[in-house]
Amino acid sequence: MKKFEIPGNIAVSESGFAFSPSSGETFNFNELGASIYKKLRDNADPDQLINEMTDEFDADRAIIEKDLYDFISELKKFGLLKEL
Amino acid sequence: MKIAVTGLNATDNPGPGVPVIRSIQMDKSIDAETIGLIYDSLEPGIYMENIHKKCYLIPYPSSGLEGLFNRLKEINEIEKIDIIIPTLDSELYAFIKLEPRLNELGIKLFLPTSEQLNIRSKDKLFNFCKANDIKVPKNITAGSVQDLYNIPSLGDYPVVVKGIFYEAYIVNNFEEAVAAFHKIAYKWGYPVIIQEFVKGSEYNVVALGDGNGTMTGAVAMKKLYITDKGKGWSGVTIHDPALISISEKVIAATKWKSGMELEFIRTADTGEYYLLEINPRFPAWVFLSPNAGQNLPAAMVHMIKGENVPPFTDYKTGVMFVRAAWDLISDVSTLEKISTLGNV
């Protein structure tokens, strides 16, 4: 199971606004993005997340999986997530 | 107590005078009246309410030390000034030179020595950083157009052409470099600094040194919006121990006595900080410091008064500033007074 940590005490508000106190960068998540980000921060298992979203959105599992890992890769690129 | 402050030119290239005064006013333990020392009758700070009790025109230091001293003496006879805080790079040499004579008049200052001022100057920054193991862009100090032929030693274009005191242009080829060189040399004199362009985000630190090598405080800020003049028009406090540690190293190595602004670029690829400039005074965004929990201008006043000021240890991140263009309405009689009487 992959585990992630959020570097530098990045805070995400209810509205999906994220601020990195160490770099000063700001980001805006949409509702789904903020929800996934918070779940990853709370050590959610990506496979479990894929299952949940496949059920919730009634979509193809392969598409959900690709989208999630694309999102995780973006988060890592912007320094918002680190793989443990 | 009376504190006189320069740099009330709150223009699109803002002087730090107004924010220094606002910071001092935030410290209710300092019972002070502020006096504005101005070089121009249209410095916006003159027309702001609750910033100064009175403003006096003073001559530019370039017009001669004696003229500046005599004018300060004249103002002091009326106002009995306790402290002068010069806030502009270009006047510091003059105030450092005049410090002993101003002390004799009962006026205190909190300034570095000429030697300290020199070792961090733009033309000596590279050597200072190398000696102290601080990353710094390569540079050339150019005294003539001939020196611009050495630009390829810095790497590829673009490069940054900088004045010894102010102003900088990013240039993309030799022709642009020549044009920028002439423009800057005409305005600010020689040498002109040609600096390697480091790509990344801009971060600044405002710090205060006690003169014995200890950093009394430091607040780091990321520029959120930069004007076409390269001025940070909005910023947010951040905390990266690496930035504070470099600032501490600079203060210790220079035994800096006064406010200081350190300008950094954080490279996009490696996240390393390159020190671009050390400005020998508080920056125009210093009002962020008291609002983040470290009132550095007020701490300096306490130190001038001889009080023990323990170093600050922390500050709040996520505190923002946004500058605004705000029209001040005044009567022309204010301009008349300052233009004819030299004070208002």
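It should be noted that the structure appears before, not after, this text.
To start, this report covers the structure provided alongside it.

Within chain A, the regular secondary structure consists of 3 helices and 5 strands. Listed N to C, the secondary structure of chain A is β-β-β-β-α-α-α-β in terms of helices and strands. In terms of overall size, chain A behaves like a compact globule, its C-alpha atoms giving a radius of gyration of 13 Å where 84 residues would be expected to give roughly 12 Å. Dimensions along the principal axes, computed over C-alpha positions, put chain A at roughly 40 × 25 × 20 Å.

When helices and strands are counted, chain B shows 10 helices and 14 strands. Dimensions of chain B, computed from the C-alpha atoms along their principal axes, are close to 55 × 45 × 40 Å. Here chain B, with 344 residues, has 53% of them falling under the buried criterion. Carbon and sulfur atoms form 51% of the exposed surface of chain B, whose accessible area is close to 15300 Å². The distance from the centre of the 34 positive side-chain charges to the centre of the 40 negative ones in chain B is 2 Å.

Our focus in this paragraph is the sheet that holds strand E3 (residues 54-57) of chain B. Note: strands within a sheet are paired through backbone hydrogen bonds, in either parallel or antiparallel orientation. All names here are of chain B. With respect to topology, 4 strands assemble into an open sheet ordered E3-E2-E1-E4, the strand pairing being parallel. The open sheet has two edge strands with one neighbour each: E3 and strand E4 (83-85). Averaged over all pairs of adjacent strands, the angle between their axes in this sheet comes to 25 degrees, without regard to strand direction. Note: strand E1 (residues 2-6) against strand E2 (residues 33-38), 5 bridges, orientation parallel. Its bridge partner lying in E2, valine 5 is registered against glycine 36.

What follows concerns the interface of chain A and chain B. Of the residues lining the interface, 7 residues belong to chain A; the matching set on chain B comes to 13 residues. For the pair chain A and chain B, the number of links is 0 salt bridges. Across the chain A-chain B interface, the total number found is 2 residue pairs in polar contact (both at pLDDT 80 or more). Taken together, the residues of the side of chain A that touches chain B break down into 2 nonpolar, 4 polar and 1 charged.

All names here are of chain B. On the surface, Leu224, Tyr225, Met320 and Val322 cluster together into a nonpolar patch covering about 420 Å² of accessible area. Looking at the nonpolar patch, the elements with two or more residues in it are strand E10 (215-226) and strand E14 (320-322). As for its placement among the helices and strands, leucine 224 is situated in strand E10.

Right, let's talk about the sheet that holds strand E4 (residues 26-28) of chain A for a bit. Residue and element names in this part refer to chain A. Read across the sheet, 3 strands follow the order E2-E3-E4 without closing on themselves; strand pairing throughout is antiparallel. At either margin of the open sheet sits one strand with a lone partner, and together these are strand E2 (11-12) and E4. Sheet topology note: the E2/strand E3 (residues 17-19) ladder contains 2 bridges and is antiparallel. Paired with valine 12 across the bridge in E3 is alanine 18.

For the rest of this paragraph, the subject is the packing of aromatic side chains. The description of an aromatic ring pair uses the distance of the two centres, along with the angle that the planes make with each other. According to the stated counting rule, one finds 9 aromatic pairs over all chains in the structure shown. Ring centres 6.2 Å apart and planes at 75 degrees place the aromatic pair Phe29(A) and Phe71(A) in the edge-to-face group. Residue Phe29(A) is located in the loop between E4 and helix H1 (31-41), and its partner Phe71(A) is located in helix H3 (residues 61-77); the two are separated by 42 residues in the primary sequence. In this structure an aromatic cluster arises from ring pairing among Phe29(A), Tyr37(A) and Phe71(A). One cation-aromatic arrangement involves Arg101(B) over Phe69(B); the distance from NZ or CZ to the ring centre is 4.0 Å.

Right, let's talk about the environment of Asn30(A) for a bit. Residues and elements named next belong to chain A. Tracing the chain through its elements places asparagine 30 in the loop between E4 and H1. Between the C-alpha atoms of asparagine 30 and serine 15, which are 15 residues apart in sequence, the distance is 8.1 Å. Looking at asparagine 30, its side chain comes within polar contact range of the main-chain nitrogen of glycine 33, at 2.7 Å.

Attention shifts here to the pairing of strand E8 (residues 192-196) of chain B. Residue and element names in this part refer to chain B. Counting buried residues in E8 gives 4 out of 5 residues, a clear majority hidden from the surface. Where strand E5 (residues 139-142) meets E8, 4 bridges bridge the pair, whose relative direction is antiparallel. In the strand pairing of E8, alanine 142 is matched with valine 192. Of the strand pairs in this sheet, strand E6 (residues 159-162) and E8 are connected by 4 bridges, and their pairing is antiparallel. Each residue of the ladder has a partner; that of valine 161, found in E8, is isoleucine 194.

Structurally, Asn279(B) can be placed in strand E13 (residues 273-279). On the basis of relative accessible area, Asn279(B) is assigned to the buried category, the value being 2%.

So, about empty space enclosed by the protein. Using a probe with the size of a water molecule, rolled over the atoms, empty space left in the structure can be pinpointed. All names here are of chain B. With the rule as written, the count across this model stands at 1 cavity of 30 Å³ or more. Estimated volume of the largest cavity: approximately 80 Å³. Residue lining of the largest cavity: 14 residues in total, with Ile85, Pro86, Ser258, Phe282 and Met300 positioned closest to the centre. Elements represented by at least two residues in the lining of the largest cavity include exactly E4 and strand E12 (257-267). Counted by class, the lining of the largest cavity contains 10 nonpolar, 3 polar and 1 charged residues. Here the lining of the largest cavity spans two domains, since at least three of its residues come from each of domain 1 (2-110 + 327-340) and domain 3 (199-322).

What counts, and where the lines are drawn
- Residues numbered from 1 in each chain as written.
- Chains lettered and ligands numbered in written order.
- Predicted model: local features only at pLDDT ≥ 70, side-chain atom pairs only at ≥ 80, totals over all residues.
- Heavy atoms only, no water.
- Helix = DSSP H or I, 4+ residues; strand = E, 2+ residues; numbered from the N terminus.
- Rg over C-alpha atoms; globule rule 2.2 N^0.38 Å.
- Buried < 20%, exposed > 50% of the residue type's maximum accessible area, 1.4 Å probe, protein only.
- Areas by Shrake-Rupley, 256 points an atom, 1.4 Å probe, with all protein chains shown as cover.
- Lys, Arg positive; Asp, Glu negative; His and termini not counted.
- Charge placed at Lys NZ, Arg CZ, Asp CG, Glu CD.
- Pairing = 2+ DSSP bridges.
- Axes fitted to C-alpha atoms, helices over the stretch in contact; angles between N-to-C directions.
- Contact = heavy atoms within 4.5 Å.
- Salt bridge = Lys/Arg side-chain N within 4 Å of Asp/Glu carboxyl O.
- Polar contact = N/O pair within 3.5 Å; in protein donor to acceptor, adjacent residues only side chain to side chain.
- Nonpolar A, V, L, I, M, F, W, Y, C, P; charged D, E, K, R; others polar.
- Patch = residues over 30% accessible without salt bridge, like charges linked within 9 Å, V, L, I, M, F, W, Y side chains within 5 Å.
- Phe/Tyr/Trp six-rings, centres within 6.5 Å; stacked < 30°, edge-to-face > 60°.
- Lys NZ or Arg CZ within 6 Å of the ring centre and 35° of its normal.
- 1 Å grid on protein atoms, 1.4 Å probe; cavity = no way out; pocket = protein on both sides within 12 Å on 5 of 7 lines; lining within 4 Å.
- Points joined across faces, edges and corners; volume = space filled by probe spheres on them.
- Domains from an automatic or database assignment.

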